[in-house]
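Summary of structural features
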Amino acid sequence: MRRHLAAAIAATLAFAASSGFAAQDKPTPSAKELLDASKPSEWRTPDPDNLIYMQLPTGRVVIELAPDFTPLHAANIRTLVREHYFDGTSVNRVQDNFVAQWDDPVSDDDHPDPAKLKSLGKAKKTLPPEYTRAIDAKLPWTALPDGDVYAPQVGFSEGFPAARDPATGRAWLTHCYGAVGVARDTAPDSGNGSSLYAVIGQSPRTLDRNLAIAGRVLEGMPLLSALPRGPAPMGFYADAKQRLPILSVRLAADLPPAERANIQVLRTDSATFTALVDAKRNRRDSFYTLPAGKIELCNIDVPVRDGGKPVMP
């Protein structure tokens, strides 16, 4: 396999050289080059009240909530975190090319025993669905002009991949890689944030406007996406020993500043972000000799750094 790959790369480089690529086209700058040249003002620090640290035996997952799109769910999740609801729960479902889901394992039974379910404490049991919200000119919006199959307009709002429809006046977050959604039963008001999932595969955009997206993973995606896939239908673990325990979940705002991650997210309205998107859309170097000229919303990673070091998606 490696020999075949090396041969393919060598053939591509030979083609680039024979076509006069080096003399005619300047290679697009790399993401590292663009980020190294970014200005401090182009980075934002998320509100500690919207940052969640989920500690797994394998490391920490950092999630940013999206209260401007799902305010009721964000508030309920904060309550659940402060009630220590998630402590001792587990990742119970990992479906290949789809999602990793965590919650109280008892809740995943076909007929869960109410006496065995973890108490929600002060959190609400049901919430109105927050699948879309009204378009608000006060909210940041960075449009992506490349078009989209699922929505009239797509772009980024406060760093979150989003979509909107001017005809209906509605906007919503999209199910891109790393999106954190609220699991529910059939009833639209049955999702309360006690069961959450992260998209770990190809973007399931058909879920848009059918489930509430409460936030996105900023750091630690490999800890979820690399988990063994569940063998049972929909990726559930048939054996309880396969479940990955969640040691603790805390809000950054509830921790001393010295214990908080130094997370920063590149502003999507910055010149550096625009340059990154254009470089990816029109990538040309010794390997990529034919730029795509287009880019899809969920193929754009919003850069994150922790302590000044880049976080790999």
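Residues numbered from 1 in each chain as written. Predicted model: local features only at pLDDT ≥ 70, side-chain atom pairs only at ≥ 80, totals over all residues. Heavy atoms only, no water.

Attention now moves to the side chain of aspartate 103. Residue position: aspartate 103 is located in strand S5 (residues 99-103). Salt bridges are absent for the buried aspartate 103, whose nearest opposite-charge side chain, arginine 243, sits at 7.6 Å. Among the polar contacts listed, one links the side chain of aspartate 103 to the side chain of asparagine 92, at a separation of 2.6 Å. Residue contacts for aspartate 103: discarding those within four places in its chain leaves Thr89, Ser90, Asn92, Asp108, Ser194 and Ser195. (Helix = DSSP H or I, 4+ residues; strand = E, 2+ residues; numbered from the N terminus. Buried < 20%, exposed > 50% of the residue type's maximum accessible area, 1.4 Å probe, protein only. Lys, Arg positive; Asp, Glu negative; His and termini not counted. Salt bridge = Lys/Arg side-chain N within 4 Å of Asp/Glu carboxyl O. Polar contact = N/O pair within 3.5 Å; in protein donor to acceptor, adjacent residues only side chain to side chain. Contact = heavy atoms within 4.5 Å.)

Turning our eyes to something else, we now look at the confidence of the model for the chain. Counting all residues, the mean pLDDT for the chain is 91, and 91% of those residues have values of 70 or more. Below pLDDT 50 for its whole length, residues 1-24 participates in 13 contacts with residues either more than four positions away or in separate chains. (pLDDT = per-residue confidence, 0-100.)

Of note, histidine 84 is a non-glycine position whose phi angle comes to about 60°, a positive value. Take histidine 84: it is sitting in the loop between helix H4 (71-82) and strand S4 (90-94). Residue histidine 84 is classed as partly exposed on the basis of its relative accessible area, which comes to 39%.

Before going further, it helps to examine the pairing of strand S9 (residues 160-165). Taking burial as the measure, the six residues of S9 include six buried ones, the bulk of the element. Alternating positions in S9 separate into two faces, Phe160, Ala162 and Arg164 on one and Pro161, Ala163 and Asp165 on the other, with burial throughout. Judged from the five bridges that link them, strand S8 (residues 153-157) and S9 form a sheet pairing that is antiparallel. Pairing of serine 157 across the sheet is with phenylalanine 160, part of S9. (Pairing = 2+ DSSP bridges.)

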